[in-house]
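Chains, contacts and geometry: an overview
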Amino acid sequence: MSGDIVDPAAQSDQELQFEGALRPSRLEEFIGQEKVRSQLTLLLSAASLENRTPDHILLAGPPGLGKTTLAMIVAEESRSPLRMSSGPAIQHAGDLAAVLSALTPGEVLFIDEIHRMARPAEEMLYLAMEDFRIDIMVGKGPGATTVPLELAPFTLVGATTRSGLLPNPLRDRFGFTANLEFYSPDELQAVVRRSSRVLNIDADEQALSEIAKRSRGTPRIANRLLRRVRDYSLVHGGHATLSNAQAALELYDVDDWGLDRLDRQVLEILIGRFGGGPVGLGTLSVSVGEEAETIESVVEPFLVRQGFIVRSPRGRMATPMAWAHLGRDAPGLNDL
Ligand SMILES: Nc1ncnc2c1ncn2[C@@H]1O[C@H](COP(=O)(O)OP(=O)(O)O)[C@@H](O)[C@H]1O
Ligand SMILES: [Mg+2]
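Residue positions within a chain follow its written sequence, with the count starting from 1. The naming scheme follows written order: chains are lettered A onward, ligands numbered 1 onward. Local features in a predicted model are, by the rule used here, given only for residues with pLDDT of at least 70; side-chain atom pairs are given and counted only at 80 or more, and totals for whole chains, interfaces and linings are based on all residues.

You'll find the chain entered in an unreviewed UniProt entry as Holliday junction branch migration complex subunit RuvB, with Pontimonas salivibrio given as the organism. In UniProt, the chain has this text filed under Sequence similarities (unreviewed entry): "Belongs to the RuvB family." The UniProt entry for the chain carries the following comment under Catalytic activity (unreviewed entry): "ATP + H2O = ADP + phosphate + H(+)". UniProt positions are given in the numbering used here, feature names are shortened, and annotations may be inferred rather than shown by experiment.

Rendered as structure tokens:
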């Protein structure tokens, strides 16, 4: 769904630059996620009092909720340098060994999409996290031996959209797991209020509220919609008013509930082709023409949270609310 306005994944270099400018750099500027924020505050303060590196931290949740931002904040708050890597970039144990052996004491290592790291690297990481040590293979064949290598103490911050895919031994080695939740409309309104200040956008509070309502609980989407509303207002005259916001969002196919084309397509197929389900993930994603991973980690969590679909052991099912949203009558119990 690249190019889609409500794709929670970042889309372009330009967008990444915008995001950089909009990222809060301290915990107290980070909006919402109260629980995670107070847990992190405690964890970082305790480490700083005892003058040690903070425990390893796992950040789990759908894209666009602030995982990368939090990783940067952890480094900032503990006044440590940050080194960034990602699961897909670590395809061999050697890739990880190179990253780990270059760490300086106290450094924060961020591994994004950590569930996509190669297996042998994962095993090396267990030892590194636990004992700040790795075993390096030297030589090949029967003469091969391993040589232990001491590492500088570091804090690993892992991010994943699919914590279910992490092997237990890896998950267990994190001292703290933060499960990020979708944001409430009020929180998103605070996010875009802050962003409009940072970007010098003159936006009415009603416009901010409208954007917040339609942002699928996701700050990245809220910031993106804010920019579209700003563009629209620039071109059509005036500042970001409620009516400019509504017109811009309509133009980009974002409905009152924040559902975009792909969300509605999933509901339409579920209801139109499968009578509301249950349908398995594989069948559903093939029918929609999207990757199962996108459906499972991006589309579904939002639709489930909004009460449009439920997951059952037999597959995904549309709720009466979904039928109503598409303007159709849900089948009565007698029809089932
Ligand atoms: N709690 C928050 N408060 C303010 N801005 C946020 C918050 N969470 C995310 N953002 C903004 O949303 C965008 C995406 O966040 P990011 O950390 O890249 O998400 P993720 O890594 O989970 O995909 C960034 O521009 C960031 O500034
Ligand atoms: Mg990220």
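Next comes the rest of the account.
Any residue whose C-beta atom, as placed from the backbone, lies within 6 Å of a molecule or strand is termed near it. Neighbouring ligand 1 are 19 residues; Glu 19, Gly 66, Lys 67, Thr 68 and Thr 69 lie closest to it. Helical segments are the DSSP runs of H or I of at least four residues, strand segments are the runs of E of at least two, and each set is numbered from the N terminus. Going through the elements one at a time, α1 (13–22), α3 (67–77) and α9 (219–236) are the ones with two or more residues in the shell around ligand 1. Any residue outside Ala, Val, Leu, Ile, Met, Phe, Trp, Tyr, Cys, Pro, Asp, Glu, Lys and Arg is labelled polar, Gly included; the first ten of those are nonpolar and the last four are charged. Of the residues in the shell around ligand 1, the class split is eight nonpolar, seven polar and four charged. The two domains that each donate at least three residues to the shell around ligand 1 are domain 1 (33–179) and domain 2 (185–251). Here the bounds of each domain stem from an automatic or database domain assignment.

A few words on helix α5 (residues 119–131). Along an α-helix, residues three or four positions apart point the same way, because every turn accommodates 3.6 residues. The end-to-end C-alpha distance of α5, which contains 13 residues, comes to 19 Å, matching closely the 18 Å that a straight helix rising 1.5 Å per residue would cover. The burial criterion counts other C-beta atoms lying within 10 Å of a residue's C-beta, which is placed from the backbone; the residue is buried at 20 or more, exposed at 12 or fewer, and partly exposed between these limits. Listing the buried residues of α5 in full gives Ala 121, Met 124, Leu 125, Ala 128 and Met 129. When α5 is viewed along its axis, its buried side chains cluster within an angular range of 135 degrees and face the same direction. In α5, those exposed residues whose orientation departs by more than 90 degrees from the buried face are Arg 119, Glu 130 and Asp 131. A pair of residues counts as a contact when their C-beta atoms, built from backbone coordinates, are separated by no more than 7 Å. Residues of α5 that are buried sit in contact with α4 (93–101), β4 (133–138), β6 (155–160) and α6 (168–172). Of the residues flanking the end of α5, it is Phe 132, one or two places downstream, whose phi is positive at about 50 degrees. The span you would expect from a helix comes to 1.5 Å times its residue count less one. Starting at the helix axis, one direction is taken to each C-beta atom, and the arc is that of these directions.

Here the focus is the environment of Ser 287. Of note, Ser 287 is situated in helix α12 (residues 281–288). C-alpha separation for the pair Ser 287 and Ser 12, spaced 275 residues apart in sequence, amounts to 28 Å.

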